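What follows is each chain in one-letter form.
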Amino acid sequence: MLLPREFVTYLSRQIVRRLSPATIETHSPEKVTELVHGIISDELDAEDKLNDEVREILEQYSDYMRREGVSYQEMFRRAKNTLVQQRKIVKASGRDTGDAMKLSRDKITDISHKLVAALKKSRDLRMKKEQNDARLEIVKAFTEILHVEDKADRASRDKVRSIKRDISEGSEEWDILQKRYYAEELKKFGIDTNK
């Protein structure tokens, strides 16, 4: 997943907090947070499942690709783009599209439309603003929170890279250190994923 699961939980809580009470009115913010969390998680999981499917497809052609000298990365990108177009999926990764954040602007917009549709149907809240105004509030909250998350992620990776001994990115040691530094950096920005 592009975002750590605990951060998705935090993001969901923050979106509900920022929408209440000006945009939505609810007596059960926990249920609304669960709804928001479910939609965001489903959207991010969809891309993970798509990546897994592309890997399975390419596994069938591994001998051909090796014989012909075809780049795995290039075939992965082509196969994924074909499936994305066929299934009309909005790509989640912002870095693929040139966005600085982990999630693309298109994906944030897509999620905001789905969130507003789900919030409108929910019996656990009342919408106090027009749908598009609510959607724009969601996009704004998403973007602001993701900018902070991106700063924390970059700082944590820089910290691991600055360690005097060489630690390979992707190794177990790298992952452990990066997660610890990531949590520290988030706290510096006032983000506690446990709250």
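Quick caveat, the model's predicted, so the values are computed rather than measured.

Engineer: Looking at this model, I keep getting lost on the overall build of the protein. Mind explaining?
Structural biologist: Across its full length, the protein carries seven helices and two strands. When the helices and strands of the protein are read in sequence order from the N terminus, they spell out α-β-α-α-α-α-β-α-α. With respect to the three principal axes, the spread of C-alpha positions in the protein is 60 × 45 × 25 Å. Here the analysis covers contacts within the protein between residues at least 6 apart in sequence; of these, 67% occur between residues at least 24 apart. Across the protein, the 40 positively charged side chains and the 37 negatively charged ones have centroids separated by 3 Å.

Engineer: Looking at this model, I keep getting lost on helix 4 (residues 72–87). Mind explaining?
Structural biologist: Residue pairs three or four apart in sequence face the same way in an α-helix, which turns once every 3.6 residues. In a regular helix each residue adds 1.5 Å, so 16 residues correspond to 22 Å; helix 4 covers 22 Å between its end C-alpha atoms and thus fits that length. Against helix 2 (29–60) lie the buried residues of helix 4. Measuring from the backbone nitrogen of Q73 back to the side-chain oxygen at the start of helix 4 gives 3.4 Å, which picks out S71 as the cap. Remark: K88 follows helix 4 within two positions and exhibits a positive phi of approximately 55 degrees.

Engineer: When you look at the pattern of salt bridges in this model, what are you seeing that I'm missing?
Structural biologist: Opposite charge on two side chains permits pairing when their charged atoms draw close. A full pass over the atoms with the stated rule returns 22 salt bridges. A salt bridge links E53 to R87, with the shortest nitrogen-to-oxygen separation between them at 2.5 Å. Of this pair, E53 sits in helix 2 while R87 is found in helix 4, placing the two residues 34 residues apart along the sequence. Looking at E53, the relative accessible area reads 27%, which means it is partly exposed. Relative accessible area serves as the criterion here: at 40%, R87 is assigned to the partly exposed category. We note a salt bridge from E185 to K159, for which the minimum N-O separation is 3.1 Å. With E185 in helix 7 (residues 172–188) and K159 in helix 6 (residues 131–161), this residue pair connects regions lying 26 residues apart in the sequence. By relative accessible area, which is 7% here, E185 ends up buried. When salt bridges with common partners are traced through the structure, they connect D153, R157, D158, R161 and E169 into a single cluster.

Engineer: Help me understand the nonpolar core, please; the structure alone is not making it clear to me.
Structural biologist: Generally speaking, a soluble globular protein has its nonpolar side chains buried in company with each other. Grouped together as the largest cluster of nonpolar side chains are 34 residues, with contacts concentrated most on F7, I15, I40 and F142. Among the secondary structure elements, those contributing two or more residues to this core are helix 1 (5–19), helix 2, helix 5 (105–121), helix 6 and helix 7. The element that contributes the greatest number of residues to this core is helix 6, accounting for eight residues. Look past the residues within four positions of F7 in its chain and what remains in contact with it is I145, L146, E149, Y182, L186, I191 and T193. Formed by eight residues, the second largest nonpolar core is a distinct cluster that contains L50, V54, M65 and F76.

Engineer: Whenever I open this one, unusual backbone geometry confuses me. Can you help?
Structural biologist: Trans peptide bonds make up the majority, and among non-glycine residues the majority have a negative phi. Omega for the peptide link from S20 to P21 comes to -10 degrees, which places this bond in the cis form. Residue placement: P21 occurs in the loop between helix 1 and strand 1 (24–26). Positive phi is not limited to glycine here, since K88 has a value of about 55 degrees. Mapped onto the elements, K88 comes out in the loop between helix 4 and helix 5.

Rules behind the numbers
Residues numbered from 1 in each chain as written. Predicted model: local features only at pLDDT ≥ 70, side-chain atom pairs only at ≥ 80, totals over all residues. Heavy atoms only, no water. Helix = DSSP H or I, 4+ residues; strand = E, 2+ residues; numbered from the N terminus. Contact = heavy atoms within 4.5 Å. Lys, Arg positive; Asp, Glu negative; His and termini not counted. Charge placed at Lys NZ, Arg CZ, Asp CG, Glu CD. Expected span 1.5 Å × (residues − 1). Polar contact = N/O pair within 3.5 Å; in protein donor to acceptor, adjacent residues only side chain to side chain. Salt bridge = Lys/Arg side-chain N within 4 Å of Asp/Glu carboxyl O. Buried < 20%, exposed > 50% of the residue type's maximum accessible area, 1.4 Å probe, protein only. Core = buried A, V, L, I, M, F, W, Y, C linked by side-chain atoms within 4.5 Å.

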